[in-house]
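This is what each chain is made of:
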Amino acid sequence: MNKIRILSIFGTRPEAIKMCPLVLELRKREQIEPLVCVTGQHREMLDQVLEAFAVRPDFDLDIMKQQQTLTDVTSRAMQGLEQVFAGQKPDMVLVHGDTTTAFAAALAAFYAKLPVGHVEAGLRSFDKYSPYPEEMNRKLISSLADIHFAPTEANAENLRREGVEKNVFITGNTAIDALKYTVDKEYSFTEPALRDIDFSRKLVVLTAHRRENYGAPMENIMDAVRRVARAHRDALFVYPVHLSPYVQETARRLLGSEENIRLVPPLGVIDMHNLMARAYMVMTDSGGLQEEAPALGKPVLVLRSETERPEAVAAGTVKVVGVTTADIVQNAELLLAGGEGYRAMARAVNPYGDGEACGRIADDLLYYFGRSGSPAPDFGKTHK
Ligand code: UD1
Ligand code: UDP
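Report on the accompanying structure. All residue numbers refer to positions counted from 1 along the written sequence of the respective chain. To label them, take the chains in the order written and letter them from A, then take the ligands in the order written and number them from 1. Only residues with pLDDT of 70 or above have their local features reported here, since the model is predicted, and side-chain atom pairs are shown and tallied only from 80 upward, although totals for entire chains, interfaces and linings are computed over all residues. Side-chain measures here rest on the full set of heavy atoms in the structure, leaving out hydrogens and waters.

## Side note on the packing of aromatic side chains
Then, in step 1: Any pair of Phe, Tyr and Trp rings, taking the six-membered ring for Trp, is counted once the centres come within 6.5 Å. Such a pair is stacked with planes under 30 degrees apart, edge-to-face with planes over 60 apart, and tilted for the rest. Counted under the stated rule, the structure contains ten aromatic pairs.
Then, in step 2: Ring centres of Phe189 and Phe199 lie 5.9 Å apart, and the angle between their planes is 20 degrees; this geometry places the pair in the stacked category. With Phe189 in the loop between α7 (174-182) and β8 (202-207) and Phe199 in the loop between α7 and β8, the pair connects residues that are ten residues apart, well separated along the chain.
Then, in step 3: When accessible area is computed with a 1.4 Å probe and restricted to protein chains, residues below 20% of their type maximum are described as buried, those above 50% as exposed, and intermediate ones as partly exposed. Its relative accessible area of 10% is what places Phe189 among the buried residues.
Then, in step 4: For Phe199, a relative accessible area of 35% gives the class partly exposed. Starting at the N terminus, helices and strands are each numbered in turn, a helix being any DSSP run of H or I of at least four residues and a strand any DSSP run of E of at least two.

Now the structure itself:
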């Protein structure tokens, strides 16, 4: 019997972190021939992840431009993918999450009449412009996809409410699978800027990069961090700064000369996960960090006005604090004060997965293609 040719397509750092463990899992399945195409929507930040997981793409469209627009990414990715699809004729295309690479790949696959599998399906903020453009990307991908891998039951419910009921599987999030691969108690950091960190200080890991925060919200976030850092000289803030020229400029201007704020280059994923594992708390507008930090028992302040990941908020380890300076300062101060408020949030919870999502996705794919009698049991039903 022919092998099922599954072409995974991704282009940015977070997609790579969550798709590489799946590619490694697909390679273990005899009935599957896994192929990888990266768009290169990110360059350095993508390559760091490919290297960490030792995944060598079969195709690299290398589309990134400095200060690229959404149209640049969409059109360049679609044009490159059209050629790859024509040459390779995969049985299915897998995309991840909500980036513009993921949307462009799903649309290009539809144009080529190729089935689409959507990993990390069903997340919703219910606000078209926040996160922007991710909320619309993921909704459009749900319309284009043929099989949907929802991390949680709530994500599957969001799909059902939109009339997407067929081929929805609840798998957990592959981010938690990635953590199993990366976090190590004995780890030594490879990034020189991390080697002399004094872990007896309260370590606050900070990230901020979202497009909808460009402008006043980003300035507020950085102003708030600066104020909190000045009031807490015992704490050390480590901010791996995204390579977006806007983010680089703003971070350097507002945070670049503070004694206890360290701006460091984007970290390799193994450094990053181990840094978070040693942190006191996390402040972020990232999606992925909202999944990883709770699993590591680290309180998270979300520097956004909404989240599409309400599960850890309900569990009490994540708080959405918005993007005004006063709110961010107040909430950061509360956590840095320690005590019961901090302890209540610093608990390891895993609403997003048990580290077995990739195995479930592979099993569900085999079931979809009629190569096995049943899909994997849903995450949350057999594993708590
Ligand atoms: C993208 C995703 C966002 C995701 C984020 C993860 C879209 C629309 N946005 O946003 O959902 O949260 O990635 O980080 O898909 N750059 C480099 N080198 C790199 C990466 C970026 O120089 O390795 C610079 C380039 O100037 C590039 C700019 O950053 O033009 C912005 O990158 P882009 O992928 O367009 O947007 P992100 O904000 O990274
Ligand atoms: N990350 C990383 N190095 C960094 C910052 C983040 O490896 O310097 C990881 C992080 O642990 C998570 C992912 O990148 O797995 C999140 O990516 P990002 O914040 O860029 O995007 P988002 O999750 O918001 O889409």
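From this point on, the discussion continues.
## Quick word on unusual backbone geometry
Then, in step 1: Following Ser130, the chain continues into Pro131 via a peptide bond in cis, with omega recorded as -5 degrees.
Then, in step 2: Mapped onto the fold, Pro131 is located in the loop between β5 (116-119) and α5 (134-144).
Then, in step 3: The residue after Tyr132, namely Pro133, is reached through a cis peptide bond having omega 5 degrees.
Then, in step 4: Tracing the backbone shows Pro133 in the loop between β5 and α5.
Then, in step 5: Residues other than glycine seldom take positive phi values, yet Lys89 does so here, at roughly 45 degrees.
Then, in step 6: Counting through the fold element by element, Lys89 comes out in the loop between α3 (70-88) and β4 (92-96).
Then, in step 7: Positioned with a positive phi, Phe126 is a non-glycine residue whose angle comes to about 65 degrees.
Then, in step 8: Looking at the secondary structure, you find Phe126 in the loop between β5 and α5.

## Let's talk about the site of ligand 1
Then, in step 1: Any residue with a heavy atom positioned within 4 Å of a molecule or strand is treated as near that molecule or strand. Neighbouring residues of ligand 1: 24 residues in total, closest His42, Glu44, Lys65, Glu134 and Arg211.
Then, in step 2: A distance of 3.1 Å separates an oxygen atom of ligand 1 from a polar atom in the backbone of Arg43.
Then, in step 3: Pairs of N or O atoms are called polar contacts if they sit within 3.5 Å, as long as, within protein, a hydrogen donor faces a hydrogen acceptor (for residues adjacent in sequence, only side-chain-to-side-chain pairs). A distance of 2.9 Å separates an oxygen atom of ligand 1 from a polar side-chain atom of His209.
Then, in step 4: Relative to its free-state accessible area of 750 Å², ligand 1 is covered by the protein chains to the extent of 96%.
Then, in step 5: Counted by class, the shell around ligand 1 contains seven nonpolar, eleven polar and six charged residues. Per-residue and other accessible areas follow the Shrake-Rupley method at a 1.4 Å probe size, with only the shown protein chains counted as cover for residues. The classification used treats Ala, Val, Leu, Ile, Met, Phe, Trp, Tyr, Cys and Pro as nonpolar, Asp, Glu, Lys and Arg as charged, and all other residues, Gly among them, as polar.

## Remarks on the site of ligand 2
Then, in step 1: As a structural note, the neighbourhood of ligand 2 is formed by 17 residues, with Arg13, Leu267, Gly287, Gly288 and Glu292 the closest of them.
Then, in step 2: One nitrogen or oxygen atom from the side chain of Glu292 is found 2.4 Å from an oxygen atom belonging to ligand 2.
Then, in step 3: For ligand 2, whose unbound accessible area comes to 530 Å², protein coverage reaches 94%.
Then, in step 4: Only α1 (13-27), α10 (269-277) and α11 (288-295) provide two or more residues apiece to the shell around ligand 2.
Then, in step 5: Counting residues per element, the shell around ligand 2 draws most heavily on α10, at four residues.
Then, in step 6: Partitioned by chemical class, the residues of the shell around ligand 2 number nine nonpolar, five polar and three charged.

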